[in-house]
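# Summary of structural features
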Amino acid sequence: ETGVTQSPTHLIKTRGQQVTLRCSSQSGHNTVSWYQQALGQGPQFIFQYYREEENGRGNFPPRFSGLQFPNYSSELNVNALELDDSALYLCASSPRTGAREQYFGPGTRLTVT
Amino acid sequence: GESVGLHLPTLSVQEGDNSIINCAYSNSASDYFIWYKQESGKGPQFIIDIRSNMDKRQGQRVTVLLNKTVKHLSLQIAATQPGDSAVYFCAENMGNQGGKLIFGQGTELSVKP
């Protein structure tokens, strides 16, 4: 069984740029959630994708957007990067929306300078 | 607003002692309460969860207690080992919101040999 993978591992961007982060869900999982984890804080829910549709969103501005593909992998896009976007971005997959089992990937460390 | 918080940001214990990590929550509508362990450079790893209609659940060396009257959750680790050193997060699983997780700030557990 393949676990959740994310790419890239680390990324450095300049304020105002755009970034795309990628996530491959665990085999058999059709739901992907994205979280932002600032240094020293708990992860904050950004949004969830289920069967290629956004299925719930946290308190994040529209410049945070996402996609889910037919193979259930997902992308997180952030436009007009701000310094405060520097964080660890985590992807979690689950076998269905609302499931208690959620499995996290290792995350992508984004630094905005 | 919604929040899940922790009483202590750091906890230092001797190897072999028992550890207790506490968490307070404010939202009563969750289906499950979950404890995650996060090691440096990794995503959160599921430890144990408890359904909202239960008071206690035991796993291997871990016990979770839920007190709904005072909205308090605790994680007990028996015979703490150096490998238990990590940051521990409590989280609520909002099943009626697609399984959105609301995390607390985290407690860093340090195990001294």
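A few points on the structure. (Residues numbered from 1 in each chain as written. Chains lettered and ligands numbered in written order. Predicted model: local features only at pLDDT ≥ 70, side-chain atom pairs only at ≥ 80, totals over all residues. Heavy atoms only, no water.)

### Topic: the overall build of chain B
A count of helical and extended segments in chain B gives zero helices and 11 strands. Along chain B, helices and strands appear, N-terminal first, in the series β-β-β-β-β-β-β-β-β-β-β. Scaling as 2.2 N^0.38, a compact globule of 113 residues should have a C-alpha radius of gyration of about 13 Å, and chain B matches this with 13 Å. Along the first, second and third principal axes, the C-alpha set of chain B runs to 45 × 30 × 20 Å. (Helix = DSSP H or I, 4+ residues; strand = E, 2+ residues; numbered from the N terminus. Rg over C-alpha atoms; globule rule 2.2 N^0.38 Å.)

### Examining the interface of chain A and chain B
Interfaces are often sized by the amount of accessible area the parts lose when they come together. If you look at the interface, chain A gives 19 residues, while chain B gives 20 residues. Buried surface at the junction of chain A and chain B, summed over both partners, amounts to about 1500 Å²; 50% is from carbon and sulfur atoms. Our count for the chain A to chain B interface comes out at two residue pairs in polar contact (both at pLDDT 80 or more). If you list the elements that add at least two residues to the side of chain A that touches chain B, you get β4 (31-37), β5 (44-50) and β9 (87-94) of chain A. Of the residues in the side of chain A that touches chain B, the class split is eight nonpolar, 10 polar and one charged. (Contact = heavy atoms within 4.5 Å. Buried area = accessible area lost by both parts, 1.4 Å probe. Polar contact = N/O pair within 3.5 Å; in protein donor to acceptor, adjacent residues only side chain to side chain. Nonpolar A, V, L, I, M, F, W, Y, C, P; charged D, E, K, R; others polar.)

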